[in-house]
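Results of the structural survey
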Amino acid sequence: MPLNPRPEPFSTFVVGSLPRPQWVRDVIMDRKGGQISYEAADRELDSAVPSAIRLQERAGLDYLSDGEWRRESYVKVFTEHVSGFELDRMAQRIGNLADPVVTDKIEQTGDIAVDAAGFLRRETDRKTIVAVPSPYILGWRMWREDLSSGAYPTREEFMEACIPILRAEIAKLAAIGIDHIQIDEPWLLEMADPNHRERLGVDDLAYEIDLCVRTVNAALEGSGGIETSMHLCHGHFDRIRATEGGYEPIIEALGDINVGRFAMEFAAPQSHGIESLSLFPSGKVLGLGVIDHCDSVVETPDVVVERAEAALKYVDAKNMTINPDCGFSPGAQNPMDLDEAYVKLTAMCEGAAILRERHGTG
Ligand SMILES: [Zn+2]
């Protein structure tokens, strides 16, 4: 596989989502409830999304998204245009939310992320980032033995069925000129938390790591010429993270994943410091999480610089990019503050400008 191209050092990225205004959340829920069609919802959201894009331009981001304002959540977006699911059947672990569960053979009924990405591409001259969920997290979030085994006897078979759909989506995103494609994979870091594994009845972490690496790489086949990343975090809802623990159990395996960059949560106290970066695979680009979205205290540019310079002990400046720990609202129901996200992103971008100046790359 050809090497993935690399972003410029200290480039600033969002991880994906921005908090959605209440009226946007209402549109999404009306669409889900069938009160309005997808087409009618899109017409309304076409008015909202440009403001999410302008917000990120104002904040100074190099790579920006559409705020994911059209999605109910970063994983549910998969089921909005793929049939075979019963919605809201799977109890969630945080936030009293429910996931869809696969109950029939899956079939794609429309573009998952491509339509929204095309709108984003036309709306900005900046670089663009679009995320798709990993097959591994889809398998864990949407396959349940009692409800799913008629369609897919094992979780792994369901993951396999998701792969060609995701692979085709990634190829289309590249073809329409999206600059950076991110695989959302918080589940792998969550699996590193023994309490999370116990809740799920998982006793073989090595098997899970291997399954994640294999399925993500399968989805990425053919993506060698484009910028790609994988996002890891502890998950969050209403400013509470779902799991706890450092990257040590999984970080070396990241070297086997065929993305160029890893956007990782490090401002969070739950990440237990940055020392695990001593094991960060050489040759990969770090997306250093410097903004704690769960903390309502707004970071200053100096704090951003301080966090990045601490990480420079482990990762070269040429391999470092800057991002918040996570999307600010990976799910539409996540009650976060849009203005707070804006000022945090602004501080992040100001900090990155100082880093570029100070470390001779800008
Ligand atoms: Zn995240």
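Now for a description of the structure that goes with this document. All values reported here derive from a predicted model rather than from experimental measurement.

**Topic: the side chain of Asp292**
Tracing the sequence through the fold places Asp292 in the loop between β10 (285–291) and α11 (301–311). Among the residues examined, Asp292 registers a relative accessible area of 7% and is labelled buried. There is a polar contact of 2.7 Å between the side chain of Asp292 and the side chain of Arg241. If we skip the residues at most four places from it in the chain, Asp292 touches Arg241, Ala267, Ala268, Pro269, Glu299, Arg307, Asp325 and Lys344.

**Remarks on the packing of helix α5 (residues 135–142) against helix α7 (residues 155–175)**
Direction vectors running N to C along α5 and α7 enclose 135°, while the axes themselves pass 8 Å from each other. By the angle class used here, α5 and α7 are oblique. The two elements α5 and α7 meet at a crossing, and its hand is right-handed. Contacts between α5 and α7 pair Pro135, Tyr136, Leu138, Gly139, Trp140 and Met142 from the former with Arg155, Phe158, Met159, Cys162, Ile163 and Leu166 from the latter. Classifying every residue of the contact of α5 with α7 by side-chain character gives 10 nonpolar, one polar and one charged.

**Here we look at the packing of α7 against helix α10 (residues 205–219)**
At a minimum axis separation of 8 Å, α7 and α10 run at an interaxial angle of 35°. As α7 runs across α10, the sense of the crossing is right-handed. Between α7 and α10, the residues in contact are Glu156, Met159, Ile163, Leu166, Arg167 and Ile170 and Tyr207, Leu211, Thr215, Ala218 and Ala219, respectively. A breakdown of the residues in the contact of α7 with α10 according to their chemical character gives eight nonpolar, one polar and two charged.

**Re the coordination of the zinc ion**
Metal coordination angles in their ideal form are 109.5 degrees for the four-donor tetrahedron and 90 or 180 degrees for the six-donor octahedron. Surrounding the zinc ion are the protein donor atoms His231 (NE2), Cys233 (SG) and Cys326 (SG), which sit 2.1 to 2.2 Å from the metal. Going along the chain, you hit the donors of the zinc ion in the pattern H-x1-C-x92-C. Placement of Cys233 in the loop between β6 (227–232) and β7 (236–237) and of Cys326 in the loop between β11 (320–324) and α12 (338–358) is noted, with a sequence separation of 93 residues between them. What makes Cys233 buried here is its relative accessible area of 2%. The buried category is assigned to Cys326, whose relative accessible area is 5%.

What counts and how
- Residues numbered from 1 in each chain as written.
- Predicted model: local features only at pLDDT ≥ 70, side-chain atom pairs only at ≥ 80, totals over all residues.
- Heavy atoms only, no water.
- Helix = DSSP H or I, 4+ residues; strand = E, 2+ residues; numbered from the N terminus.
- Buried < 20%, exposed > 50% of the residue type's maximum accessible area, 1.4 Å probe, protein only.
- Polar contact = N/O pair within 3.5 Å; in protein donor to acceptor, adjacent residues only side chain to side chain.
- Contact = heavy atoms within 4.5 Å.
- Axes fitted to C-alpha atoms, helices over the stretch in contact; angles between N-to-C directions.
- Parallel < 35°, antiparallel > 145°, perpendicular 65-115°, else oblique.
- Left-handed = near helix turned anticlockwise from the far one by under 90°.
- Nonpolar A, V, L, I, M, F, W, Y, C, P; charged D, E, K, R; others polar.
- Donors = N, O, S within 2.8 Å, 3.2 Å for Na, K, Ca; no water.

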